[in-house]
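# Coordinate inspection notes
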There are 2 protein chains.
Amino acid sequence: MNPAQHPDVNMGACDLGDMVTPITPVDARTLVSVSEAVIRTASRAERKERTRQNLLDVTLKLIGKRSLASISLREVAREAGIVPTAFYRHFESIDALGVELVDESMRPLRQMIRDTRRGATAKGDIIRGTVDILGRQVRDNPDQFRFLSRERYGGVTAVRRAIATELRLFTSELTIDLARMTAGYDWTSDDLEMTADLMVSAMLATVMELLEIDKRHPEDEQVILERAERQLRLIALGMSVWRSAR
Amino acid sequence: MNPAQHPDVNMGACDLGDMVTPITPVDARTLVSVSEAVIRTASRAERKERTRQNLLDVTLKLIGKRSLASISLREVAREAGIVPTAFYRHFESIDALGVELVDESMRPLRQMIRDTRRGATAKGDIIRGTVDILGRQVRDNPDQFRFLSRERYGGVTAVRRAIATELRLFTSELTIDLARMTAGYDWTSDDLEMTADLMVSAMLATVMELLEIDKRHPEDEQVILERAERQLRLIALGMSVWRSAR
DNA sequence: CTAGTCAGTGAACGAATGTTCACTGAAATA
DNA sequence: TATTTCAGTGAACATTCGTTCACTGACTAG
């Protein structure tokens, strides 16, 4: 809106270590803090990785409020406590950073599959367990899920494609699980995929609704999750009657 | 990316009428084109409305490639053939224009409801009819649907809220239809809404997949629509077995 | 110990942005 | 006919942007 806000100042997430360079040997040995010690110890490669990760984290935070296409390289660098030019040591553009963020953000989703499978082999109500895990993952990783839902159909083609590819992978994992559960019921792989796709659609819609919850009404979370549970049950009920046309 | 592209030039969508101002009376009467005649005839209010609509149209086109948050006021004005300052005569900001675009873009969706209802009372397979109508509406109004799907979880809060409100309305219309169809089967309104929500999720996911089709593979459209049809059938099958817990 | 690597610096560039302001001239009003 | 209204103009502004370039200095490798 108003193009007058941030002076080009280094502040925020940068380490205090930057400010203690001209320090006497005595002070360095006696007053050094733990985090400073870590930084002093870190190898060059480690420091680079740390900055890189910081850039990713900072961008993920910024996407909480706006979309990737409207986030500037300078803004990310500023927030990460480095100079704009240093950004290029890690990524060739914001878009490229976004593509790498996709991997990063898919981790909670992949974890969901593992958790669900473990819960499924263990005992009890698979659907209830799945929905619980979904709720927990979204609660614990809101920024990642927000990034995925915001950029899934967002304005950056490369990111959109990367997310589509990852989600296709996710759907095919679910298809495998469904195949295992319907073994002996003569389902075509096409129908299995169709069903997995429907479930993923329902779950992603749930994720998006969870993310839009007004923090003043945390009770909405239960309402949404409970509805998601019934939706999955409705689908399961349909499956129990479905016969694939061959 | 590269901040060096568009010279500030008026061109494109503006009417040729702009260029014939110093014209002799004779020419004006004999060589004037139809569109010029329309413009000359138009009242001030009509001309204003025309420009306003042009701004909306141009923005919708631009959103085909990028997201609302990354579209500049100057760009929209340039594309519409007016000077940046004139933009303010119609909208107070790009975001405000976006909110008005929501109404505009919901029209095909509302039309879908009407068409489907008409088809349902007439005859035959409701699900197949619905999917056909969906495919046609998306094919005929890709820009509107792209805007809705891109900005539904996009970076502009006001637009996001407006879309959420409209979609909630859409879901409740579908809920009404479902209530009519399940009359006598003892469905709770909560379950009806849950089901309508699931159907809307499935249909919106279908819309988004239709929009992502590579134009070199138009046969994908049938594959996607056919899958959507089976998904709706699966849900309908589940409904036939569902009994609401009261 | 020395030479080289390379993450981060800081100034500079040309271009684009949102917004202001005083203006013009044709259509609407009186 | 004379006056007012108002959509559109065009110059100017302060600011942000992405990208270039030569640089520094702490770490690494020989």
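Please refer to the structure placed before this passage.
A few points on the structure.

The rules behind these values
- Throughout, a residue's number is its position along its own chain's written sequence, starting from 1.
- All chains are assigned letters beginning with A, and all ligands numbers beginning with 1, in the order in which they are written.
- Two thresholds apply to this predicted model, a pLDDT of at least 70 for residue-level local features and 80 or more for giving and counting side-chain atom pairs, whereas whole-chain, interface and lining totals are computed over all residues.
- No hydrogens and no water enter the side-chain calculation; it runs on all heavy atoms of the structure.
- Throughout, a contact is declared for two residues whenever any of their heavy atoms are within 4.5 Å.
- When two parts are put together, the accessible area they lose, computed with a 1.4 Å probe and summed over both, is reported as buried area.
- Should a side-chain nitrogen of Lys or Arg be within 4 Å of a carboxyl oxygen of Asp or Glu, the pair is scored as a salt bridge.
- In protein, a polar contact means a hydrogen-donor-capable atom and an acceptor-capable atom, both N or O and within 3.5 Å, with residues adjacent in sequence counting only if both atoms are side-chain atoms; elsewhere, any N or O pair within 3.5 Å suffices.
- Per the convention used, a helix needs a DSSP run of H or I reaching at least four residues, while a strand needs a run of E reaching at least two, with both numbered from the N terminus.
- Aromatic rings from Phe, Tyr and Trp, taking only the six-membered ring of Trp, are treated as a pair when their centres fall within 6.5 Å; an angle between ring planes under 30 degrees marks them as stacked, one over 60 as edge-to-face, and anything in between as tilted.
- Each residue gets one of three labels from its accessible area relative to the maximum for its type: buried under 20%, exposed over 50%, partly exposed in between, using a 1.4 Å probe on protein chains only.
- The axes are straight lines fitted to the C-alpha atoms, using for helices just the contacting stretch, and the angles between their N-to-C directions are given from 0 to 180°.
- In these notes the angle categories are as follows: under 35 degrees is roughly parallel, over 145 is roughly antiparallel, 65 to 115 is roughly perpendicular, and the rest is oblique.
- Three categories are distinguished: nonpolar for Ala, Val, Leu, Ile, Met, Phe, Trp, Tyr, Cys and Pro, charged for Asp, Glu, Lys and Arg, and polar for the others, with Gly belonging to the last.

## Some thoughts on the interface of chain B and chain A
Taken together, the contact between chain B and chain A spans 37 residues of the former and 37 residues of the latter. Counting the surface lost from both chain B and chain A, the interface buries some 3400 Å², and carbon and sulfur atoms represent 62% of this. Viewed at the interface, chain A and chain B are joined by eight salt bridges. The residue Glu-212 of chain B makes a salt bridge to Arg-160 of chain A at a minimum N-O spacing of 3.5 Å. At the surface where chain B touches chain A, the tally comes to 14 residue pairs in polar contact (both at pLDDT 80 or more).

## Description of the side chain of Thr-116 of chain B
Relative to the helices and strands, Thr-116 of chain B resides in helix 5 (residues 94-122). Those residues in contact with Thr-116 of chain B that sit more than four places away from it in its chain are Thr-130 and Ile-133 of chain B.

## Observations regarding the packing of aromatic side chains
Residues and elements named next belong to chain A. Applying the stated criterion across every chain yields a total of six aromatic pairs over all chains. Seen in terms of ring centroids, Phe-87 and Tyr-88 are 6.2 Å apart; in terms of plane orientation they differ by 90 degrees. Their pairing is edge-to-face. Exposure remark for Phe-87: the relative accessible area of 0% places this residue in the buried category. You can call Tyr-88 exposed: its relative accessible area is 51%. Judged by centre distance (6.1 Å) and plane angle (25 degrees), the ring pair of Trp-187 and Trp-242 falls under stacked. With Trp-187 in the loop between helix 9 (157-181) and helix 10 (189-211) and Trp-242 in the segment after helix 11 (220-241), this residue pair connects regions lying 55 residues apart in the sequence. Residue Trp-187 shares its accessibility class with Trp-242, and that shared class is buried. Grouping aromatic residues by their ring pairs yields a cluster made of Phe-87, Tyr-88 and Phe-91.

## Examining the packing of helix 10 of chain A against helix 11 of chain A
When two helices pack together, you describe them by how their axes are tilted relative to each other and by the distance separating the axes. Residue and element names in this part refer to chain A. Across the interface, helix 10 lies against helix 11 with an axial gap of 10 Å and an inter-helix angle of 170 degrees. Compared by their axis directions, helix 10 and helix 11 come out roughly antiparallel. Within the contact between the two elements, helix 10 uses Thr-195, Leu-198, Met-199, Ala-202, Thr-206, Glu-209 and Leu-210 and helix 11 uses Glu-221, Ile-224, Leu-225, Arg-227, Ala-228, Gln-231, Leu-232, Ile-235 and Met-239. By residue class, the composition of the contact of helix 10 with helix 11 is ten nonpolar, three polar and three charged.

Remember, this is a structural readout, not a statement about activity or role.
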